[in-house]
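Chain by chain, the residues:
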Amino acid sequence: MKLLAGNSNLPLARAIASYLDLALTDASVRRFADEEIFVEINENVRGEDVFVIQSTAAPANDNLMELLICVDALRRASAKRITAVLPYFGYARQDRKPGPRTPISAKLVANLITQAGANRVLTMDLHAGQIQGFFDIPTDNLYAAPVMAADIQARFANENLMVVSPDVGGVVRARALSKRLGNVPLAIVDKRRERPGESEVMNIIGDVEGRFCILHDDIIDSGGTLCNAAAALMKAGAVGVVAYISHGVLSGGAAARVQGSALRELVITDSIVATPAVAEASKIRSLTIAPLFGEAIKRIADESSVSSLFD
């Protein structure tokens, strides 16, 4: 087994390698003067089971292209099996046609990864579970919920907990976390989105008065939805609100927005490298998913069960 790291999330790749007690494969991933990407693998990978670790976060197109070129280089170097490890799968929110003459970009990206030569995909908390069906190769979708549940129980076990989905579409995800926390009550924030990047909270389904609310979602980008939801929950009588989000995209002024919001804390994973603004925000904390990915990679290499990680 070998691990090859792209440039999108080197700290996570190194942490996964440390968990597995392996050294990262020696490779050069660099750019020419015109920004074309060049990959050269500096050690023999013939007949090896290779895992390419690369989140397709911002800059999404550069990181995606880097992943595709790494996979192609491995295929041409006669690697036995190539697994694309995407802690964060970019373009996942474009998983359907929201209107006429629009693309389904998540399917396009799945096709690109497959055609480049990947034999398998390993990712975490896809925006929609059915994206697994966009791939014509085996795809394992991990869940950050066990890591988050352990952190919540360690920090907030004495609180009167309630898990809250910030929108109707995330109810299944929120219910799964609720179950891991001992079937704590569930509430839903009903919102209306007027335009991309903006949301207006309409009402809350469920009684949150006197509850310590755990907002749970897969992605936080601009932060508007989450901050509006936190304000609405506090107005409805919640004693405190924290948010546990799998992927901290946090683009633009999102970190400042979270810092000035009613949220007591925002907890994200290290699936995406933190920007300086995110790293400096006192309300934002990160959980590592390196052991989760390390164990999944080990089980894939050993041909043992990955799903049993979540039993």
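Shown above is the structure to which this text applies.
Before going into details, it helps to say that this report is about the structure given with it. (Residues numbered from 1 in each chain as written. Predicted model: local features only at pLDDT ≥ 70, side-chain atom pairs only at ≥ 80, totals over all residues. Heavy atoms only, no water.)

**Some words on the environment of Ile53**
Thought 1: Of note, Ile53 is situated in strand β4 (residues 49-53).
Thought 2: Classification of Ile53 as buried rests on a relative accessible area of 3%.
Thought 3: Taking the C-alpha atoms as reference, Ile53 lies 8.3 Å from Leu67; in sequence the two are 14 residues apart.
Thought 4: Leaving out residues up to four positions away in the same chain, Ile53 has contacts with Leu3, Leu4, Ala5, Gly6, Ala13, Ile16 and Val85. (Helix = DSSP H or I, 4+ residues; strand = E, 2+ residues; numbered from the N terminus. Buried < 20%, exposed > 50% of the residue type's maximum accessible area, 1.4 Å probe, protein only. Contact = heavy atoms within 4.5 Å.)

**Section: helix α5 (residues 171-180)**
Because each turn of an α-helix spans 3.6 residues, side chains separated by three or four positions in sequence point in the same direction.
Thought 1: Val171, Arg173, Ala174, Leu177 and Ser178 are the residues of α5 that are buried. Mapping the buried residues of α5 onto a view down its axis gives an arc of 160°, with all of them on the same face. Exposed positions of α5 whose direction lies more than 90 degrees from the buried face are Val172 and Lys179.
Thought 2: Note on α5: the residue one or two positions beyond its end, Gly182, has a positive phi of about 90°. (Arc of directions from axis to C-beta.)

**As for the pairing of strand β3 (residues 37-41)**
Thought 1: What you see with β3 is a clean split: Ile37, Val39 and Ile41 sit on the buried side and Phe38 and Glu40 on the side with no burial.
Thought 2: As judged from the five bridges shared by strand β2 (residues 27-31) and β3, these two strands associate in the antiparallel manner. Across the sheet, Ser28 pairs through a bridge with Glu40, a residue of β3.
Thought 3: Between β2 and β3, which pair antiparallel one after the other, the connecting turn spans five residues, and Glu35 there sits at a positive phi close to 75°. (Pairing = 2+ DSSP bridges.)

**As for the packing of aromatic side chains**
Thought 1: Taken as a whole and judged by the stated rule, the model has four aromatic pairs.
Thought 2: Ring geometry for Tyr143 against Phe310: centres 5.4 Å apart, planes inclined by 85°, an arrangement best described as edge-to-face. With Tyr143 in the loop between β7 (139-142) and α4 (145-156) and Phe310 in the segment after α9 (290-302), the pair connects residues that are 167 residues apart, well separated along the chain.
Thought 3: Relative accessible area serves as the criterion here: at 15%, Phe310 is assigned to the buried category. (Phe/Tyr/Trp six-rings, centres within 6.5 Å; stacked < 30°, edge-to-face > 60°.)

**Observations regarding the nonpolar core**
Thought 1: Core analysis: the largest hydrophobic core is formed by 39 residues, its most contacted members being Ile16, Leu142, Ile214 and Tyr244.
Thought 2: The leading source of residues in this core is α9, at six residues.
Thought 3: The residues touching Ile16, leaving out its near neighbours within four places in the chain, are Leu3, Ile53, Ala290, Phe293, Gly294 and Ile297.
Thought 4: Among the nonpolar cores identified, the runner-up in size contains 34 residues, and Leu4, Ala84, Ala116 and Ile131 belong to it. (Core = buried A, V, L, I, M, F, W, Y, C linked by side-chain atoms within 4.5 Å.)

**Things to note about the sheet that holds β4**
Thought 1: Taken together, the five strands give an open sheet; going across it, the order is β1-β4-β5-β6-β7, and neighbouring strands pair in parallel fashion. Here the strands that pair on one side only, and so sit at the sheet edges, are β1 (2-5) and β7. Across the sheet, the axes of successive neighbouring strands diverge by a mean angle of 20°, strand direction being ignored.
Thought 2: Examined bridge by bridge, β4 and strand β5 (residues 81-86) share five bridges and lie parallel to one another. The partner of Ile53 across the bridge, within β5, is Val85. (Axes fitted to C-alpha atoms, helices over the stretch in contact; angles between N-to-C directions.)

**Side note on α9**
Thought 1: Its 13 residues give α9 an end-to-end C-alpha distance of 18 Å, which sits within 8% of 18 Å, the value for a rise of 1.5 Å per residue.
Thought 2: Every buried residue belonging to α9 is among Ala290, Leu292, Phe293, Gly294, Glu295, Ala296, Ile297, Arg299 and Ile300, and all of these are buried.
Thought 3: The elements touched by buried residues of α9 are β1, α1 (10-20), β4, β5, β6 (120-124) and β7.
Thought 4: Glu303 occupies a position one or two residues after α9 and carries a positive phi of about 60°. (Expected span 1.5 Å × (residues − 1).)

**Looking at the pairing of β4**
Thought 1: The buried count for β4 comes to five of five residues, which makes it a mostly enclosed element.
Thought 2: Every second residue of β4 is oriented toward a common face, with Asp49, Phe51 and Ile53 on one face and Val50 and Val52 on the other, all of them buried.
Thought 3: Pairing of β1 with β4, which is carried by four bridges, proceeds in the parallel orientation. By the bridge assignment for β4, Lys2 is matched with Val50.
Thought 4: Taken together, β4, helix α2 (residues 60-76) and β5 form a β-α-β motif whose crossover is right-handed. (Right-handed = clockwise from strand over helix to strand, strands pointing away.)

**A few points about the side chain of Asn141**
Thought 1: Checked against the element boundaries, Asn141 lands in strand β7.
Thought 2: A distance of 3.0 Å separates the side chain of Asn141 from the backbone nitrogen of Asp125, its partner in a polar contact.
Thought 3: A distance of 3.2 Å separates a polar atom in the side chain of Asn141 from the backbone nitrogen of Leu126. (Polar contact = N/O pair within 3.5 Å; in protein donor to acceptor, adjacent residues only side chain to side chain.)

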